[in-house]
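# Reading the structure
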Amino acid sequence: MSASSATSAPRWFIVVNLLSAIGFGLLSMTLCLPSMHEWSELLNAPQADVQLTFSAFVVAFGIAQVVYGPLSDLYGRKRMLVIGFSIAILASLAAAWASGIWWLVIARFCQGAGAAAGLVIGRAMVQDFFAASDRARIMAYIGMAMGLCPPLGTIVGGQVHVVFGWRANFLIAAAVAVIILALVVLCLPGGRPERSQNHWLKEIATAYGVLMRERLYVGFVAILSMCTGTFYVFLAGAPSVLAGYGVGPAEIGWYIMFIPLSYIVGSFLTSRLLRYIPENRLMTLGLSSSLTGTLLVLALALA
């Protein structure tokens, strides 16, 4: 089904809606990062508990993606997007008024669970609404959006923290989710469920069982998860580490932005170098570069 046949909205407007839905998860993940190193004092909690607010978001964000895909096949993409962003709105408001660190941990967990809908269903809708000739270009836009959201979130979040306080970032996340939810309801086509409700759990379990027996698939998933995990560890620890060097909330985003920007540059170079270098060799070069950078950071820290 093409975008034009699915709805009367212009193609570019559908693309913007999908990019907004996909990017919201990373934006809501990083908006509050500049505030984290102050939560220990503001909420009277140990730093280890403060770090759990980020871990709770990431855990829910990852697990929910596995759930939303099959459920969107069963009940429809648009319906699950509405449910996901409704959860994100309520959780963001709950986080804004959290009175203690554990209430904030729970709210962040729910926020991650809701925000995951946009990432996984938005990508699925690209497959649904656009022809194969357009998908690669749109997926490239998605890659750029995912690279830009973390530095944008931390920079904006730091400025908002300084001017309005840390709770305002969660109110901004709720407001953005409301806007995206309105666009989803009013502008995106509904689509139809793609799977019968009969025996759908068995079908999903069988499909995942087949995937887990594919060694190549498991290997690539392991590589991707470890690379992504490294980035998330960096995001979780950077505010506390940078605070030790005298970097305040207003400046944290400018330091964090280097890794996402290098990701964008690496994606651009990869698209060009694939013409001349085989995929496996290029992946090996990229992973070697990542490992070298990680070891260099460790060496500088120890020094």
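Residues numbered from 1 in each chain as written. Predicted model: local features only at pLDDT ≥ 70, side-chain atom pairs only at ≥ 80, totals over all residues. Heavy atoms only, no water.

A separate point is the confidence of the model for the protein chain. In the predicted model, the protein chain carries a mean pLDDT of 85, and 92% of its residues have values of at least 70. For the protein chain, the element scoring lowest by mean pLDDT is helix α1 (residues 3-6), at 45; helix α5 (residues 77-96) scores highest, at 95. Below a pLDDT of 50 lies the segment residues 1-6, which in the model reaches eleven contacts outside its immediate sequence neighbourhood of four places, other chains included. (pLDDT = per-residue confidence, 0-100. Helix = DSSP H or I, 4+ residues; strand = E, 2+ residues; numbered from the N terminus. Contact = heavy atoms within 4.5 Å.)

With that settled, consider the packing of aromatic side chains. Per the counting criterion, the structure on display carries seven aromatic pairs. Ring plane angle 80° and centroid distance 6.4 Å describe the contact between F54 and Y232, whose orientation is recorded as edge-to-face. With F54 in helix α4 (residues 47-75) and Y232 in helix α10 (residues 215-244), the pair connects residues that are 178 residues apart, well separated along the chain. According to the relative accessible area criterion, Y232 is buried, its value standing at 17%. Aromatic rings pair up to connect W39, W166 and F170 into one cluster. (Phe/Tyr/Trp six-rings, centres within 6.5 Å; stacked < 30°, edge-to-face > 60°. Buried < 20%, exposed > 50% of the residue type's maximum accessible area, 1.4 Å probe, protein only.)

This part takes up the nonpolar core. If you look at the biggest cluster of nonpolar residues, it comprises 64 residues, and the most contacted ones within it are M29, W39, F54, L104 and Y232. Among the elements that take part in this core, helix α6 (residues 101-129) stands out by supplying twelve residues, more than any other. The residues touching W39, leaving out its near neighbours within four places in the chain, are C32, N44, V50, T53, L104, W166 and F170. (Core = buried A, V, L, I, M, F, W, Y, C linked by side-chain atoms within 4.5 Å.)

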